[in-house]
Amino acid sequence: MEHFFEDSGAVKHSFIEDCHCIGQLLYWHKYGADCIQVRQHKQLRWLLINETLQSVVEKSRPSRLLFPHLQYLAMLWQPLTPPKAILELGLGGGAIRNYLQHTYPDSQLMSVEKNPNIIHCYKRFFGGDHASNLRCFDAEAVLDQQQTYDWIILDLFSQLDAPLFLYKHRFYEKLRSALAKNGYLFINFLSGHESQLKQLEHLLITTFGKIPSIEKIPSYANNIVVIRK
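Here's a quick rundown of the structure. Along each chain, numbering runs from 1 in the same order as the chain's sequence is written. Selection of residues for local features in this predicted model requires a pLDDT of at least 70, selection of side-chain atom pairs for listing and counting requires 80 or more, and totals for whole chains, interfaces and linings are taken over all residues. Side-chain numbers here rest on the full set of heavy atoms in the structure, without hydrogens or water.

Concerning helix α7 (residues 194-208)
Moving on, step 1. Over its 15 residues, α7 runs 21 Å from end to end, which matches the ideal 21 Å to within 8%, given 1.5 Å per residue.
Moving on, step 2. Taken together, the buried residues of α7 touch α6 (169-178), β9 (179-190), β10 (213-216) and β11 (222-228).
Moving on, step 3. Put simply, DSSP marks the helices as runs of H or I at least four residues long and the strands as runs of E at least two long, and each gets a number from the N terminus on. One or two residues past the end of α7 sits Gly209, with phi positive at roughly 75°. Expected span of a helix: the number of residues minus one, times 1.5 Å. The contact rule is simple, with two residues in contact once any of their heavy atoms fall within 4.5 Å.

See below:
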């Protein structure tokens, strides 16, 4: 299995490109135009939607982050004051959730996922036994519940054709309102074109009144975007 990893501990790009056809197929489900797969090779287990890799977890160490963009996020989080309350929007295979529960056990974490099939996969295949703080709910509706969070992690850009509400000013106003004073918004943003990133940057500037930090992950479509209230 070692040939799947870079020296940094992240999975190699070659694994990401081939992961839809290697390993053992554990689960396959088609809903509408979308198809969910869970595959496994030795200690690695991963989730794909339409053959696009969403999450990869090491079974013996589910809190270990194996994507470069998640390792970068963890590097940003480490020097910050541990949050009292965290809202995660978008679940995937639960890699972020597993890391947060392990690293910040005293924080109140709420993970929100709209697709019940994804939640089913997380509970069945990705160590989702601590699922009382996991809700099958719409992201916008959760933000209307008058609760505030120190960190909000937005990880809904799982495909390049993201839902339209992710480009609406109203959505970012809701995110800002749901942040506690001096709270942080972290966004894993996948962009197929630079204009999409510029659009997001403009939305954040007009909503928060300041320029966000944007870090492009080399060789990946991921951009980690951070802004503080």
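Description of the packing of α6 against α7
Moving on, step 1. Packing of α6 against α7 brings their axes to within 9 Å, and their N-to-C directions diverge by 50°. With respect to α7, the element α6 is oriented oblique. Here the hand of the crossing between α6 and α7 comes out right-handed. Together, His169, Tyr172, Glu173 and Arg176 of α6 and Leu200, Leu203, Leu204, Thr206, Thr207 and Phe208 of α7 make up the contact between the two elements.
Moving on, step 2. Each residue is assigned to one class: nonpolar for Ala, Val, Leu, Ile, Met, Phe, Trp, Tyr, Cys and Pro, charged for Asp, Glu, Lys and Arg, and polar for all the others, Gly among them. Among the residues making up the contact of α6 with α7, the classes are represented as five nonpolar, three polar and two charged. Axis definition: a line fit to C-alpha positions, over the contact stretch in the case of helices; interaxial angles, taken between N-to-C directions, run 0 to 180 degrees. Should an angle fall under 35 degrees it is called roughly parallel, over 145 degrees roughly antiparallel, and 65 to 115 degrees roughly perpendicular, with every other angle called oblique. Helix crossings fall into two classes, left-handed where the near helix is turned counterclockwise from the far one by less than a right angle and right-handed where it is turned clockwise.

Regarding the sheet that holds strand β8 (residues 149-154)
Moving on, step 1. The strand order across the open sheet built from seven strands is β7-β6-β5-β8-β9-β11-β10, with neighbouring strands paired in mixed fashion. Taken across any chain shown, the strands that pair with only one partner, and hence form the sheet edges, are β7 (134-136) and β10. Averaged over all pairs of adjacent strands, the angle between strand axes in this sheet comes to 15°, irrespective of strand direction. Here, a strand pair is defined by DSSP locating no fewer than two bridges between the strands.

Side note on the packing of aromatic side chains
Moving on, step 1. Aromatic rings from Phe, Tyr and Trp, taking only the six-membered ring of Trp, are treated as a pair when their centres fall within 6.5 Å; an angle between ring planes under 30 degrees marks them as stacked, one over 60 as edge-to-face, and anything in between as tilted. On inspection of all chains with the given rule, the structure shows 11 aromatic pairs.
Moving on, step 2. Ring geometry for Trp151 versus Phe186: centroids 5.6 Å apart, planes at 75°, classification edge-to-face. Taken together, the positions of Trp151 in strand β8 and Phe186 in strand β9 put the pair 35 residues apart, joining distant regions of the chain.
Moving on, step 3. Think of it in three bands: residues with accessible area under 20% of the maximum for their type are buried, residues over 50% are exposed, and the middle band is partly exposed, with areas taken using a 1.4 Å probe on protein chains only. For Trp151, a relative accessible area of 2% puts it in the buried group.
Moving on, step 4. On the numbers, 6.3 Å between centres and 80° between planes, the contact of Tyr167 with Phe189 is edge-to-face. With Tyr167 in the loop between β8 and α6 and Phe189 in strand β9, this pair connects stretches of sequence that are 22 residues apart. Accessibility assignment for this pair places Tyr167 and Phe189 in one class, buried.
Moving on, step 5. The rings of Trp77, Tyr99, Tyr104, Trp151, Tyr184 and Phe186 are connected pair by pair, giving a single aromatic cluster.

Here's the deal with the side chain of Glu113
Moving on, step 1. Its location among the elements puts Glu113 in strand β6 (residues 108-113).
Moving on, step 2. His is not counted, nor are the chain ends; Lys and Arg add positive charge and Asp and Glu add negative charge. Criterion for a salt bridge: a side-chain nitrogen of Lys or Arg within 4 Å of a carboxyl oxygen of Asp or Glu. For the buried Glu113, which has no salt bridge, the nearest side chain bearing the opposite charge is Lys114, at an N-O separation of 9.0 Å.
Moving on, step 3. For this analysis, a polar contact is any N or O atom pair within 3.5 Å, provided that within protein one partner can donate a hydrogen and the other can accept it, and provided that sequence-adjacent residues contribute only side-chain to side-chain pairs. A polar atom in the side chain of Glu113 sits 3.0 Å from the backbone nitrogen of Asn115.
Moving on, step 4. Residues in contact with Glu113, not counting those within four places in the same chain, are Gly90, Leu91, Gly92, Ile118, Ile119, Arg135, Cys136 and Phe137.

Describing helix α4 (residues 116-125)
Moving on, step 1. Listed in full, the buried residues belonging to α4 are Asn117, Ile118, Ile119, Cys121, Tyr122 and Phe125.
Moving on, step 2. At its buried positions, α4 is contacted by β1 (24-31), β2 (34-41), β3 (44-49), α3 (95-103), β6 and β7.
Moving on, step 3. In the segment just after α4, Gly127 is the residue with positive phi, at about 70°.

Some remarks on the sheet that holds β2
Moving on, step 1. On the basis of which strands lie adjacent, the open sheet formed by four strands has the order β1-β2-β3-β4 and antiparallel pairing. Because the sheet does not close on itself, it has two edges, and the strands there are β1 and β4 (52-58). Taken over all neighbouring pairs, the strand axes of this sheet differ in orientation by 15° on average, direction set aside.
Moving on, step 2. The sheet contact formed by β1 and β2 spans seven bridges and is antiparallel.

Focus on the nonpolar core
Among soluble globular proteins, nonpolar side chains are generally buried collectively.
Moving on, step 1. Phe15, Trp77 and Leu100 are the most contacted members of the largest nonpolar core, which totals 47 residues.
Moving on, step 2. Not counting the four nearest positions on each side in its chain, Phe15 is found in contact with Phe4, Ile22, Leu44, Trp46, Leu53 and Val56.
Moving on, step 3. To qualify as a nonpolar core, a set must consist of buried Ala, Val, Leu, Ile, Met, Phe, Trp, Tyr and Cys residues joined through side-chain atoms within 4.5 Å. By size, the runner-up hydrophobic cluster in this structure holds 29 residues, among which are Val112, Phe157, Leu175 and Phe189.

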